[in-house]
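# Fold and geometry: a report
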Amino acid sequence: MISELKYVLDQVTGRSLGERYFTAFPDDTFLVSYPRSGNTWTRFLIGNLVQPNESITFLNIEKVIPDTSALSMRYLEHVPRPRILKSHEYFDPRYKKVIYIVRDPRDVVLSHYNWQRKYRVIEDQYPLEPYVSRFIAGNVDTGWGSWAEHVLSWLATRHNSADFLLLRYEAMLAEPLRELEKVANLLGISATSEALATAVARSSADNMRKMEKTQDGEWVTTKGRRKDIPFVGKAKHGGWQSLLSERSVEEMESAWGPLMKTLGYELTRVSSPALQAPFIDLGNWRPRLNHSNL
Amino acid sequence: MSLVHRLAFGVKHMLELDIAAHNLVTYPDDTFIVSYPQSGTDWSTPLIANLLQPERSLKPRDLERLIPAVNGHTRGFFKAMPRPRVIADQGTFNPQYTNVIYIVRDPRDVVVSTYNVACGSTRTGRPFPILDFVNGFVRESRSTVGTWGDNVTSWLATRGNTPRFLLLRYEDLFFETVRELGKVARFLGIHVSSHRLADAVNWSSSGDPKTAQEKHKRKNGPRVSPAAPGLWRSKLPEAAVTEIELAWAPLMAKLGYNLSIPQVVESGAVDAAF
């Protein structure tokens, strides 16, 4: 009853969260990813690129690249256009220009696990293997579907669009300047190499960690959440190799092997059983992703 | 939205009288019948509803009770609906939907049907220029349903390989109604004899559709007869067909819709994306 009342009050006062129901405009650009795929870091990178006069912090990020699932419809409506908006939504036909970040799901699940501990969605001692099973089934209480559903919903619908840019988190870690330049091109920004380098330096993981320590109490996403588990993760890839059990890796690769391979994520299994091909072929992303830098 | 509208919404929400739409609370045993608008569901939904209510013939109000549209009823209505529920929707992929029957129809016929509805709804009664209309149909994504390609792709890519997803083609439903309806019955876990299946489709598949429709109208209220597949051949100019096929050739080919324009096939559009 109390939650219903709050919902109604939020509706009446325009404080309901944007989520899938805010007004989208044709000149919007959306920064989309499944949660824990490097979206916040990318927000900082892009924010520091489009607003070079003031460093991006957790205190001003929502003004520069607002979060559609953390801010109200009313707030989003008043953001100056053209807007760059952050979203974790699965395919939404209203999004015309999309930067989509994908990350190895074997790493995503670990970051997701810590994130849900931080938000007390799961207990600290929740065993990892069953969590991985739930993650694969898309049953981790987010409402955004499974990792594969999320990725497939965007890639399959938008893979031929000139307004769709696919970024791999791992490639961003390896060559952030080059990947950020792709973003600049999509946004129509002619950025110098100095501007790109400044944006990357300002958005370093170390810098973000320092800011989180002093600003997390004021940032809409971390306000009131426990502090002993940081929001900013390790900013590395491949952690799953030592932290996930063989069984969990096997389970994930059995479920999503073809999609992972399409995205250039090597599978570990030497003698894998025949993997079922995606119902709709997603095309060959490897040349476009140019993953040789991994 | 004005303050008055927001207040009205608030009151409706408290009384669960607001339209369910995105606020629908889903259950794992729900089945959703999803299709892009104008994909023949006016005809196919009553067919499926016949399976759900075998004991007596279907009346229009039964349809609203048996397979209500998610955008057409209140939250209170859906809350009171007996489970397992069967619900109709037209939206793009929704991860909350566990069991989905997706009905796809040749986009060239979908656009003809959409065009007819649009022309019928104009105040002047004057038709739109067909080429402009087809251009908008292909390029303009509608807010919740997307384009035909968006809608179909979003479901097939995410659920096409999963056991709780049943893909039906309108054209197969039209020509092989009993067989296709049998698939629906199995998917819904309804044990039904072939005799009963034939009964369920009898009114739509035998004799002159107009006579059957009239007969049914007298007995059971208004009923829609299905449009024969392939109407686009006589209704769409070649330029419109080309535009649709160039936009969605690989997807159409995947779904078994033969492409008619040689330049689409020769251009390699079919191979380019798949």
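Everything below is about the structure printed above this text.
Residues numbered from 1 in each chain as written. Chains lettered and ligands numbered in written order. Predicted model: local features only at pLDDT ≥ 70, side-chain atom pairs only at ≥ 80, totals over all residues.

## Remarks on the overall build of chain A
Worth spelling out the cut-off: Only DSSP runs of H or I covering at least 4 residues are called helices, and only runs of E covering at least 2 are called strands; the numbering of each starts at the N terminus. The globule rule used for comparison is 2.2 Å times the number of residues to the exponent 0.38, while the radius of gyration itself is calculated over C-alpha atoms. We call a residue exposed when 12 or fewer other C-beta atoms sit within 10 Å of its C-beta, buried when the count reaches 20 or more, and partly exposed for counts in between; the C-beta positions come from the backbone. C-beta atoms are first placed from the backbone for all residues, and any pair lying within 7 Å is then listed as a contact.
The helix and strand inventory of chain A stands at 14 helices and four strands. By the compact-globule yardstick of 19 Å for 294 residues, chain A fits well, its C-alpha radius of gyration being 19 Å. The principal-axis extent of the C-alpha atoms belonging to chain A is close to 55 × 50 × 35 Å. Burial status across chain A gives 39% buried among its 294 residues. Put simply, of all contacts in chain A between residues at least 6 apart along the chain, 71% involve residues at least 24 apart.

## Regarding the sheet that holds strand β1 (residues 29-33) of chain A
Residue and element names in this part refer to chain A. Applicable threshold: The pairing criterion is simple: DSSP has to find at least two bridges between the two strands. Here an axis means a line fitted to C-alpha atoms, over the contact stretch when the element is a helix, while the angle between two N-to-C directions is reported on a 0 to 180 degree scale.
Strands sit in the order β2-β1-β3-β4 across an open sheet of four strands; the sheet is parallel. Each edge of the open sheet carries a strand with a single partner, namely β2 (84-87) and β4 (164-168). Sheet twist, expressed as the mean angle between neighbouring strand axes with direction ignored, is 20°. Both strand β3 (residues 97-102) and β4 contribute to a ladder of five bridges, which runs parallel. Counterpart to valine 102 in the pairing with β4 is arginine 168. Those strands touched by helix α2 (residues 39-50) are β1, β2 and β3, and its axis lies near 155° from that of β1. Running over the sheet, helix α7 (residues 147-158) touches β1, β3 and β4 and is turned about 135° from β3.

## Things to note about the environment of lysine 210 of chain A
Residue and element names in this part refer to chain A. Looking at the secondary structure, you find lysine 210 in helix α11 (residues 205-215). For lysine 210, a count of 12 C-beta atoms within 10 Å corresponds to the exposed category. As a C-alpha pair, lysine 210 and valine 109 span 101 residues in sequence and 25 Å in three-dimensional space.

## Let's talk about the pairing of β1 of chain A
Residue and element names in this part refer to chain A. In terms of burial, β1 is largely enclosed, as five of its five residues are buried. With four bridges connecting them, β1 and β2 associate as parallel partners. By the bridge assignment for β2, leucine 31 is matched with lysine 86. Summarising the sheet, β1 and β3 pair through five bridges and their orientation is parallel. By the bridge assignment for β3, serine 33 is matched with isoleucine 101.

## A short note on the interface of chain B and chain A
To keep it simple, the criterion reads: Side-chain classes are defined by residue name, with Ala, Val, Leu, Ile, Met, Phe, Trp, Tyr, Cys and Pro counting as nonpolar, Asp, Glu, Lys and Arg as charged, and the others, Gly among them, as polar.
With 25 residues of chain B at the interface, the matching set in chain A holds 27 residues. Mapped onto the side of chain B that touches chain A, the elements with two or more residues apiece are α1 (3-14) and α7 (148-159) of chain B. For the side of chain B that touches chain A, a count of residues per class yields nine nonpolar, twelve polar and four charged.

## A few points about unusual backbone geometry
Of note, the amide linkage connecting arginine 81 of chain A to proline 82 of chain A takes the cis form, showing an omega dihedral of 0°. The topology assignment puts proline 82 of chain A in the loop between α4 (73-77) and β2. Following arginine 83 of chain B, the chain continues into proline 84 of chain B via a peptide bond in cis, with omega recorded as -5°. Looking at where proline 84 of chain B falls in the secondary structure, it is placed in the loop between α4 (75-80) and β2 (86-89). Of note, arginine 120 of chain A is a non-glycine position whose phi angle comes to about 55°, a positive value. Note on placement: arginine 120 of chain A falls in the loop between α5 (105-118) and α6 (128-136). Residue classification places arginine 120 of chain A among the exposed residues on the basis of 11 C-beta atoms within 10 Å.

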